[in-house]
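Observations on the model geometry
Here are the chains, one letter per residue:
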Amino acid sequence: MTSSLGFDRYLQTRRAEIDAALEAALPIPPDCPPLIAEAMRYSLFAGGKRLRPILTLAAAEAVVDSRHTDGRSRDAGMALALPAACAVELIHTYSLVHDDLPAMDDDGVRRGRATAHVVYGEGVAILAGDALLTHAFVVLARRRSDTPPGFDQRRLRAIARVAEAAGAAGMVGGQVLDLAATGTLPRGEDPDRRDGSDEAALREMHERKTGALIAAAAVTGTILAGGDETAVAAVDRYATHLGLAFQIVDDILDVEGDAADLGKSAGKDADARKRTYPSVHGLDRSRVLAAEAAAAAREALATAGLAGRLAEIADWVVSRSR
Ligand code: GRG
C-alpha cells in the first residue's frame, strides 16, 4: 500500500518496484551475448529519476483508486500497468544513449557516469540503444496468464500509443527538429528548419521530443488499468501540460542547474545556441510558464475526479533540481 506514504517515500517505493521489474524483464545470457546485456544494464541502472514509469504507475493507481476496490484488486490493477512502466523507461534510456552519441549531442556524462559510447564504443552503444528500444515492445507485448478477459485490446492500444510516441510523429521527429534547429544538418535548405515564430517551433519540438513519451507513459497506465474514456482523455491533457512543464524546467536547469546534481553537463543548450524557453522567454517568464503548465496539469485531473499522486508529481516536476 503506498497511499499513506510521504511523497519522497512514495517515489522511493515506486523506483524500487520499477527497478525490480526492469531487472526481471531484461534479457540475460545465454538468450543474448553477455556484452549487450551488460551495456543495456549500464545505462538503465545509472540512477535516472524514473519519472516516466512512475507516471505510468501513478496513473494506473488513480484509476484503480477511483473504483474503491479492495487491496488485492488494487494490486492486481497496478500490476497490469507494470510492463508499460518498464517499456517507457527502456525507450527513454535508449533515447538518452543515442542522444549522447557523437553524431547527436556528443556528451561524455549522463546520469552521473560516463556515457555508453565512452565506455563501450559507438557501435555497441548504438546497438544497446536499439536493443533497449526493441525490448520495450517485447515487454509490452508479452502475454501473462493472469490477465483479465478483454485485456488484449487494452494491451494493443497501449502498444500503438507507445510506438507512436517513440517514432517519427513523436520522439524521433522531435529529435530531427532539434538537429535541424541547430543548423548542423548537411542540407542548406532543410524543410525542417522552421522560420516561423520561435515559440511555436520550440513548442512543437518539445511536444514531439519529450512530451509525446511523457504523455504516452501516463496514458498507457490509465488504459491498462482499465480507465474509461473520460479518464484517458483527462490523463492525456494532464500529461501534455506536465510534459511542457518538465521541458521548461529542463531548459531552466540547463542554465541554472549544477552539473553534479544534474548528472550531465550543464550549459549545453547555450553552447549549441539552441532555442530554449529561457532563450526565447527569459528565465523569469520561463518559471511562470512552468508553474502555469503544472497548474493546468492539476486542473485536467480534477475534471475526471482523479486523485492520488499525479498532482504531487506535477509539483515535483517543477520544483526538482535534477
Ligand atoms: C535519439 C530518437 C532520439 C531521441 C532523443 C529525449 C531525447 C530525444 C533526448 C534527450 C536529450 C535531452 C536532455 C532532452 C531534454 C529532456 C530530457 C529527456 C531530459 C532527460 O530526462 P530525465 O530528466 O532523465 O527524466 P533521467 O536520467 O532522470 O531519466
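Think of each chain on its own: its residues are numbered from 1, step by step along the sequence as written. Under the rules for a predicted model, residues below a pLDDT of 70 receive no local features and side-chain atom pairs below 80 are neither given nor counted, while totals for whole chains, interfaces and linings still include all residues. Each side-chain value is worked out from all heavy atoms of the structure, with water and hydrogens disregarded.

1. Comments concerning the overall build of the chain
For the purposes of this entry, the term helix denotes a DSSP run of H or I that reaches at least four residues, the term strand denotes a run of E that reaches at least two, and both are numbered from the N terminus. Counting secondary structure elements, the chain contains 15 helices and 2 strands. Both definitions apply: the radius of gyration is a C-alpha atom measure, and the globule rule equals 2.2 Å times residues to the power 0.38. Its C-alpha radius of gyration of 19 Å places the chain within 12% of the 20 Å reference for a compact globule of 322 residues. Each principal axis of the C-alpha atoms in the chain carries an extent, and together these give about 60 × 50 × 35 Å. For the chain, with 322 residues in total, the buried portion stands at 49%. Contacts are assigned to residue pairs with any non-hydrogen atoms lying within 4.5 Å of each other. Here the analysis covers contacts within the chain between residues at least 6 apart in sequence; of these, 74% occur between residues at least 24 apart. Computed with a 1.4 Å probe, the accessible areas rest on the Shrake-Rupley method; for each residue, only the protein chains presented here act as cover. When the accessible surface of the chain is split by element, carbon and sulfur atoms take 54% of a total near 14300 Å². Counted as positive: Lys and Arg. Counted as negative: Asp and Glu, with His and the chain ends omitted from the count. Charged groups are reduced to one reference atom each: NZ for lysine, CZ for arginine, CG for aspartic acid, CD for glutamic acid. Both charge centroids of the chain, one from 38 positive and one from 46 negative side chains, sit 4 Å from each other. Whether a residue is buried, partly exposed or exposed follows from its accessible area with a 1.4 Å probe, protein chains only, as a fraction of its type maximum: under 20%, in between, or over 50%, in that order.

2. A few points about the packing of helix 6 (residues 122–141) against helix 7 (residues 151–166)
Close contact between helix 6 and helix 7 brings their axes to 10 Å; oriented N to C, the two are set at 165°. The angle between helix 6 and helix 7 places the two elements in the roughly antiparallel class. Crossing of helix 6 over helix 7 shows right-handed handedness. The residues of helix 7 that touch helix 6, namely those facing F137, L140 and A141, are R155, A158, I159, V162 and A163. Its residues placed into classes, the contact of helix 6 with helix 7 shows 7 nonpolar, no polar and 1 charged. The convention used is that axes are lines fitted to C-alpha atoms, helices contributing only their stretch in contact, and that angles between N-to-C directions extend from 0 to 180 degrees. With respect to orientation, any angle under 35 degrees is reported as roughly parallel, any angle over 145 as roughly antiparallel, any angle of 65 to 115 as roughly perpendicular, and every other angle as oblique. Crossings are assigned a handedness: left-handed for a near helix turned anticlockwise from the far helix by less than a right angle, right-handed for a clockwise turn. Under the scheme applied, nonpolar residues are Ala, Val, Leu, Ile, Met, Phe, Trp, Tyr, Cys and Pro; charged residues are Asp, Glu, Lys and Arg; polar residues are all the others, including Gly.

3. Some points on the side chain of R155
Locating R155 in the fold gives a position in helix 7. Taking the relative accessible area as the measure of exposure, R155 reaches 8% and is therefore buried. The term polar contact refers here to a pair of N or O atoms within 3.5 Å; inside protein, the definition further demands a hydrogen-donor-capable atom paired with an acceptor-capable atom, and it admits residues adjacent in sequence only when both atoms are side-chain atoms. From its side chain, R155 meets the backbone oxygen of R142 in a polar contact 3.1 Å long. For R155, the residues in contact, after removing those within four places along its chain, are L140, A141, R142, R143, T147 and L224.

4. A short note on the packing of aromatic side chains
Stacked, edge-to-face and tilted labels apply to pairs of Phe, Tyr and Trp rings (six-membered ring for Trp) whose centres lie within 6.5 Å, assigned for plane angles under 30 degrees, over 60, and everything in between, in that order. Under the counting rule described, the total for this entry stands at 3 aromatic pairs. Here F7 and Y10 contribute two aromatic rings whose centre-to-centre distance is 6.1 Å and whose plane-to-plane angle is 15°, an arrangement assigned as stacked. One end of the pair is F7 and the other is Y10, both in helix 1 (residues 7–25) and 3 residues apart, which spans about a single turn. Relative accessible area serves as the criterion here: at 0%, Y10 is assigned to the buried category. Between F7 and W316, the ring centres sit 6.2 Å apart and the planes meet at 70°, which makes this aromatic pair edge-to-face. Taken together, the residues F7 in helix 1 and W316 in helix 15 (residues 310–319) connect sequence positions 309 residues apart.

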